Amino acid sequence: MEVKVLDINGKDTGRKVQLADSVFAIEPNNHAVYLDVKQYLANQRQGTHKAKERAEVAGSTRKIKKQKGTGTARAGSVKNPLFKGGGTVFGPRPRSYSFKLNKTLKRLARKSAFSLKMKESNLVVLEDFTFETPNTKNFINVLKALGLENKKSLFVLGDTNKNVYLSSRNLKASNVVTSSELSTYAILNANSLVLLEGSVEGIVENLSK
């Protein structure tokens, strides 16, 4: 499919770019998307949670009262989980939440995410641009020209552009990545996806392996 290329002022340049149907117009696989997003979020978890269990709580192991004749339940230690200050039963332990997915499924998930954005008309192709120096105001002007100043947006660059990245870094609603850094979560988390012209070839190449 062909998509018109806009300039940084939001106007049509008169040029069009070819987007591969095999990447931007497939039938989205919702389960693949779910698994890839689940893995991304799981990998963000530190897994450093810890609760002290009975053996780790500070306290005496002396039997606190005789076994029989008290009229209450037997108790052998102040570390008993039933007592205040006792150990936690089956408390959380440090662990990794990460899990593996094969490359084919992850590529399918990203293709599905691109196709969803395309179907929702939330994908824009912008001509390559740069700034002489990092300037947040210039980046905000680009967002305003595209009508994205009040929306979450993801800009995808073909190559690393330090000035564009630094210009966007202070804006919570905007994110700038290169085509090699794209994730399914990042694509879906943005209201609008802005592909710079130079990134299209790299995206198609990465997802067609």
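For the chain, an unreviewed UniProt entry supplies the name Large ribosomal subunit protein uL4 and the organism Flavobacterium suncheonense GH29-5 = DSM 17707. According to UniProt, the comment filed for the chain under the heading Subunit (unreviewed entry) is "Part of the 50S ribosomal subunit." Word for word, the UniProt comment on the chain under Sequence similarities (unreviewed entry) is "Belongs to the universal ribosomal protein uL4 family."

Draft legend 1. Region of the structure containing the overall build of the chain. Helix and strand counts for the chain come out as 7 helices and 6 strands. Scanning the chain from its N terminus toward the C terminus, one meets helices and strands in the order β-β-α-α-α-β-α-β-α-β-α-β-α. Relative to a compact globule of 209 residues, whose C-alpha radius of gyration would be 17 Å, the chain shows 27 Å and is clearly more extended. Across its three principal directions, the C-alpha atoms of the chain cover 95 × 40 × 25 Å. A buried classification covers 38% of the 209 residues belonging to the chain. Sequence separation of at least 24 residues holds for 69% of the intrachain contacts in the chain that already meet a minimum separation of 6. A distance of 24 Å separates the average location of the 35 positive side-chain charges in the chain from that of its 18 negative side-chain charges.

Draft legend 2. Just the sheet that holds strand E6 (residues 192-196), in detail. A sheet is described by the order of its strands in space; here 6 strands give the open sequence E2-E1-E3-E6-E4-E5, paired in mixed fashion. Every interior strand has two partners, whereas the edge strands, strand E2 (12-18) and strand E5 (174-178), have only one. When the angles between neighbouring strand axes are averaged without regard to direction, this sheet yields 30°. Inspection of the sheet shows strand E1 (residues 2-6) paired to strand E3 (residues 123-126) by 2 bridges, in the parallel sense. By the bridge assignment for E3, Val5 is matched with Val125.

Draft legend 3. Geometry of empty space enclosed by the protein. All chains considered together, the criterion is met by 1 cavity of 30 Å³ or more. By volume, the largest cavity is sized at about 40 Å³. Around the largest cavity sit Arg110, Phe114, Ser179, Leu182, Ile203, Asn206 and Leu207, which together line it. Put simply, the parts of the chain that give the lining of the largest cavity at least two residues each are helix H3 (103-119) and helix H7 (200-207). The element that contributes the greatest number of residues to the lining of the largest cavity is H7, accounting for 3 residues. When grouped by side-chain class, the residues that make up the lining of the largest cavity number 4 nonpolar, 2 polar and 1 charged.

About the thresholds
- Residues numbered from 1 in each chain as written.
- Predicted model: local features only at pLDDT ≥ 70, side-chain atom pairs only at ≥ 80, totals over all residues.
- Heavy atoms only, no water.
- UniProt positions renumbered as here; feature names shortened; annotations may be inferred.
- Helix = DSSP H or I, 4+ residues; strand = E, 2+ residues; numbered from the N terminus.
- Rg over C-alpha atoms; globule rule 2.2 N^0.38 Å.
- Buried < 20%, exposed > 50% of the residue type's maximum accessible area, 1.4 Å probe, protein only.
- Contact = heavy atoms within 4.5 Å.
- Lys, Arg positive; Asp, Glu negative; His and termini not counted.
- Charge placed at Lys NZ, Arg CZ, Asp CG, Glu CD.
- Pairing = 2+ DSSP bridges.
- Axes fitted to C-alpha atoms, helices over the stretch in contact; angles between N-to-C directions.
- 1 Å grid on protein atoms, 1.4 Å probe; cavity = no way out; pocket = protein on both sides within 12 Å on 5 of 7 lines; lining within 4 Å.
- Points joined across faces, edges and corners; volume = space filled by probe spheres on them.
- Nonpolar A, V, L, I, M, F, W, Y, C, P; charged D, E, K, R; others polar.

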